[in-house]
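Here are the chains, one letter per residue:
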Amino acid sequence: MIRISRTLVILVVLSPLVVQGAGFRAGVAVVDITPPPGLSMYGYFDRIKDERLSTGTLDPLYARALVLEGSGTRLALVTLDLGRCFGRASLDRLRAEVRRLTGISFLLVTASHTHAGPNVLDEYPSGRPPAWEAEALEKIARAVNEAARRAVDVRLGTGYGSANVGYNRRLVNVDRGVKMLWQNPTKIQTSPVDPTVSVLRVDTLEGKPLAILVHYACHPVILGSDNQKYSADYVGVMRQSVEEAFGGRPTCFFLQGADGDINPYYADTPEQDGAMEFCQWTGQELAQEVVRVAKAIRPENLNPSRIDFSEDEMVFNLRWP
């Protein structure tokens, strides 16, 4: 059996039924957490098996912090350009430091799931995180503190769209057999996929975008197993494109959805076959829809302001022994 306990704080940020726009304050901060070269990279079994280490950086890996306050309750959201989130011990350490610096006790940390980041473990043989992770935790805590100090009065608004940049990599045949479709450059339609693009726009009272949060479900795995350089994959392209469309004013956050078996069409593309070009295409396609939705949002200033929390626990059987 698998038991998953999940704090549904994302619903606070994405649902207009929970966040009611008024009297809110928000602040943002961004910090570079790119590790040095020479580390094991996350994902792709053959790269791990062959012990191929990172050799450099294609584009920086960032941690982005948003502090949101309503009716005296403060929430800190941190998004990471990593393959997975830190282990429990590191998260406990981060939460303790954030609480010490800011007094914030509600901290949500989520990773984009890029396969071009450093490997992260639940526990390390030495009993302590590697130097890059320890340094990243310190930087993130300071970024949350900076976001809290920068908080200003804001209005919130949500919007929804649809983007078609991914497919389900488990192709079900007519005989109900399953074939793994690791790449899909011809864009064969498979299911299930979730094309929904959810957007939260946070504006200052002067109407200037402060933050744009994007929730979408698709693995950032365009850069393949031959890649040995750090990158946020298509997510980094999407964020940059969104920020540029708004004159570089807002900070764009990416929240990975339930990506399960959803891959981008050009997954695991070798570098010599145009991996970076396909990253650009995918990120810009998603960004185009995000910008369309975000520009149509009219953030509101309603009373009362409130942040609510709920937790959901799911228990289910393993799919395989």
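What you see is a predicted model, and the numbers here were worked out from it, not measured in a lab.

(A) Spatial organisation of the nonpolar core. L80 and F86 are the most contacted members of the largest nonpolar core, which has 62 residues in total. No other element matches helix 4 (residues 131-149), which puts nine residues into this core. With sequence-adjacent residues up to four places away left out, F86 is seen in contact with L80, L91, V120, W132, E133, A136, L137 and I140. Counting 18 residues, the second-largest nonpolar core is a separate cluster that includes F24, L108, F253 and L255.

(B) Just the packing of helix 3 (residues 88-102) against helix 4, in detail. With their axes 9 Å apart at the nearest point, helix 3 and helix 4 run at an angle of 35 degrees to one another. Helix-helix and strand crossings are classified by hand; for helix 3 and helix 4 the assignment is right-handed. Residues S90, R93, L94, E97, V98, L101 and T102 of helix 3 form the contact with helix 4, whose participating residues are E133, A134, L137, E138, I140, A141, R142, V144, N145 and A148. Of the residues in the contact of helix 3 with helix 4, the class split is nine nonpolar, three polar and five charged.

(C) Structural context of the pairing of strand 5 (residues 73-80). Among the eight residues that make up strand 5, six are buried, leaving the element largely enclosed by the rest of the structure. Strand direction decides the pairing type here: strand 4 (residues 62-70) and strand 5, joined by eight bridges, are antiparallel. Counterpart to A65 in the pairing with strand 5 is V78. Connecting strand 4 to the antiparallel partner strand 5 that follows it, the hairpin turn spans two residues, and S71 within it adopts a positive phi of roughly 50 degrees. In terms of strand pairing, strand 5 meets strand 6 (residues 106-111) through six bridges, oriented parallel. Bridging from a neighbouring strand, V78 pairs with V109 of strand 6. At this point the chain moves from strand 5, through helix 3, to the parallel strand 6, and the crossover so formed is right-handed.

About the criteria used
Residues numbered from 1 in each chain as written. Predicted model: local features only at pLDDT ≥ 70, side-chain atom pairs only at ≥ 80, totals over all residues. Heavy atoms only, no water. Core = buried A, V, L, I, M, F, W, Y, C linked by side-chain atoms within 4.5 Å. Buried < 20%, exposed > 50% of the residue type's maximum accessible area, 1.4 Å probe, protein only. Helix = DSSP H or I, 4+ residues; strand = E, 2+ residues; numbered from the N terminus. Contact = heavy atoms within 4.5 Å. Axes fitted to C-alpha atoms, helices over the stretch in contact; angles between N-to-C directions. Left-handed = near helix turned anticlockwise from the far one by under 90°. Nonpolar A, V, L, I, M, F, W, Y, C, P; charged D, E, K, R; others polar. Pairing = 2+ DSSP bridges. Right-handed = clockwise from strand over helix to strand, strands pointing away.

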